[in-house]
Amino acid sequence: MWYMEIKHFCPRTPVILVGCQLDLRYADLEAVNRARRPLARPIKPGDILPPESGREVAKELGIPYYETSVFDQFGIKDIFDNAIRAALISRRHLQFWKSHLRKVQKPLLQAPFLPPKAPPPLIKIPEVISGNRSRGARLLLDSPLCADVLFILQDHTHVFAHKIYLSTSSSKFYDLFQVSVDESQCLVVTERHARDHLMRTLSLDTEEEVAVLPNLSPCSLRASKSDGTLRMMSFSGKHRRTKLSLASWSKAFYSIHKESVPNPVTGHPAPMTVVKMDYSIQLGPFSAVLRFLYTGELDEREKDLMKIAQIAEILEVFDLRMMVENIMNKEGFMNQEITKAFHVRKANRIKECLSKNTFTDVTFRLDDGTINAHKPLLISSCDWMAALFGGSFMESANNEVAFPNTSRVCMQAVLEYLYTNTLSPTAELDPMELAALANRLCLPRLTALTEQYAVNELIKASKEGQDIDGEVLTYLELAQFHNANQLAAWCLHHICTHYNSVCANYRKEIKSKSPENQEYFEKHRWPPVWYLKEEDHYQRAKKEREKEDIIMNKHQSRRRWCFWSTSPAVA
């Protein structure tokens, strides 16, 4: 546009054509437009000229062409250096006697700009929302789906709970539920002279009458003097029975037996362990203790803190007793650390119960075997499991659930995540199988952890010198199909940044990918196509310039020698 006017008014002024904002050629235009002024015209992909367009204009005008980017600090020095060269060359005809002007080079060729590699996408792990797991446990306590324990308070109040929650939070409940009690048996405490003294400890060798529930065979609990654990003691006589002393082991329990009880949520009868508590234990404080055993939390607004502390002392829940003391001493802020330590110990006990199949109530049938699990923990930590066991499905009434196309190692990793909120992968674990199962169970955080594990394994193999291109190509569409979007983005980045080597070794696999993926490869491949064309043009132009320089040097050499002749005497 300005060339004709420049030539008219400044006919002997050298001109250089410069392409600016080279960085826009590979930048994210959406992000650039968001950063511009609100009323500025947005930049469109069609507004960005390719390098060959600038070269054509420069060739048509007969002037040098350069590209620059202030953002990348590319080409700035080239422009000024070559502008100085062009200005000095234009003065040769005016100051022909100055020899240094004859040594000035023509404006040099500019090497093409290689855009930097895009950094690999980071795998973001969603944070564990504090209170989510506690909220699920609290809802399970309020709506006791799949309950397997029934507490009877003061002969008429029924409270439903779950063995796995109580046993992993209190060693007292763990020992209690480990006692094997048949449906035809009932473990009770010995009778007292008055109900007001039910909390007193009886002698281990008492011979008082044994209280028996109707239609159940009598028995009682006896404490071991050596280790404090429950042991069965057999007695022979007219009526052979098993006798234990429950009162000397714990003051909180009156009797324990198994019975088929309708579930309060579904109404379906299910075998439950019925525990009759001591008459002095009231509903309010006992409910607060249960909430702590489920969630590890204690509301500072509780009214009967002293009664809660007494029940905690009897049940040997020392963390709860300490929290009550902190609240009463107006040091409730210290309870957060107690809650954290409580959850760490609980997670370790849950892992132990999972490994030993303790208190399991459901079996998953897999391709290579079976694995046992705990419905309450699954329900409180996974909405999919809650719908499966709480809805009108066949699996809700059965103790077996089939999981086709799932291995035992994969299910073990999922259960450990649901129980402890952490992933501990093993060498046999297939990341894509785990990602598929996490997608089926609607567990986005487990999917992110699986993506992180898969990427770390690929990076580790690459550092060890292994070829991971084929594995990345396999992962790509599987990750896209199973909604592992972060892993798919990482695979796309790896393929694009190693496009030449991947195409050389896996041409058929690249062509078999979906049209959307192939379009992405062509758009984001590195080095980009325009750079490869520019590099090829630069190498050809460089060779031509070298030939011209050689011819020019020969010509100047002949001109020097034509005015000089060496005499034989001098030679």
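Residues numbered from 1 in each chain as written. Predicted model: local features only at pLDDT ≥ 70, side-chain atom pairs only at ≥ 80, totals over all residues. Heavy atoms only, no water.

## Some points on the overall build of the protein chain
Looking only at helices and strands, the protein chain features 24 helices and 14 strands. The buried share of the protein chain, reckoned over its 571 residues, is 42%. Carbon and sulfur atoms form 54% of the exposed surface of the protein chain, whose accessible area is close to 33600 Å². (Helix = DSSP H or I, 4+ residues; strand = E, 2+ residues; numbered from the N terminus. Buried < 20%, exposed > 50% of the residue type's maximum accessible area, 1.4 Å probe, protein only. Areas by Shrake-Rupley, 256 points an atom, 1.4 Å probe, with all protein chains shown as cover.)

## Topic: the packing of aromatic side chains
Inspection of the entire model under this criterion finds 13 aromatic pairs. Between the aromatic rings of Tyr 174 and Phe 359, the centroid separation amounts to 5.8 Å while the plane-to-plane angle is 90°, which identifies the pairing as edge-to-face. Residue Tyr 174 is located in helix α8 (residues 171-178), and its partner Phe 359 is located in the loop between α12 (335-356) and β12 (362-366); the two are separated by 185 residues in the primary sequence. Ring geometry for Trp 384 against Phe 403: centres 5.9 Å apart, planes inclined by 50°, an arrangement best described as tilted. (Phe/Tyr/Trp six-rings, centres within 6.5 Å; stacked < 30°, edge-to-face > 60°.)

## Describing the pairing of strand β10 (residues 253-262)
As a general feature of sheets, a regular strand has side chains that alternate between the two faces. Sheet topology places β10 next to strand β11 (residues 269-277); nine bridges connect them, and they run antiparallel. Paired with Phe 253 across the two strands is Met 277, which belongs to β11. Where β10 folds back on β11, the antiparallel hairpin that results is connected by six residues, among which Gly 267 adopts a positive phi of roughly 85°. (Pairing = 2+ DSSP bridges.)

## Here's the deal with the sheet that holds β12
Overall, mixed pairing links the three strands, which are arranged β13-β12-β14 in an open sheet. Each edge of the open sheet carries a strand with a single partner, namely β13 (369-373) and β14 (400-402). Between one strand and the next, the sheet's axes are offset by a mean angle of 25°, whatever the strand orientation. Of the strand pairs in this sheet, β12 and β14 are connected by three bridges, and their pairing is parallel. Its bridge partner lying in β14, Arg 365 is registered against Ala 402. (Axes fitted to C-alpha atoms, helices over the stretch in contact; angles between N-to-C directions.)

## With respect to the confidence of the model for the protein chain
A residue-level look at the protein chain finds 84% of positions with pLDDT of 70 or above and a mean pLDDT of 83. Low pLDDT (under 50) marks residues 190-244, which in the prediction has 109 contacts with non-local residues, meaning those over four places away or in another chain. Low pLDDT, under 50, characterises residues 563-571; the predicted model gives this stretch one contact beyond four residues in sequence or across chains. (pLDDT = per-residue confidence, 0-100. Contact = heavy atoms within 4.5 Å.)

## Things to note about the packing of helix α20 (residues 485-497) against helix α23 (residues 515-524)
Here α20 crosses α23 at 50°, and the two axes come no closer than 9 Å. Judged by the angle between their axes, α20 and α23 are oblique. Crossing handedness for the pair α20 and α23: right-handed. Only Asn 517, Tyr 520, Phe 521 and His 524 of α23 make contact with α20, whose side of the interface consists of Leu 492, Ile 495 and Cys 496. Within the contact of α20 with α23, the residues separate by chemical class into five nonpolar, two polar and no charged. (Parallel < 35°, antiparallel > 145°, perpendicular 65-115°, else oblique. Left-handed = near helix turned anticlockwise from the far one by under 90°. Nonpolar A, V, L, I, M, F, W, Y, C, P; charged D, E, K, R; others polar.)

## Considerations on unusual backbone geometry
Omega for the peptide link from Trp 526 to Pro 527 comes to -5°, which places this bond in the cis form. Despite not being glycine, Cys 442 has its phi angle at roughly 60°, a positive value. Structurally, the position occupied by Cys 442 is in the loop between α17 (431-440) and α18 (444-463). For Cys 442, a relative accessible area of 56% translates into the label exposed. Look at Asn 483: it is not a glycine, yet its phi comes out positive at around 60°. Tracing the chain through its elements places Asn 483 in the loop between α19 (469-481) and α20.

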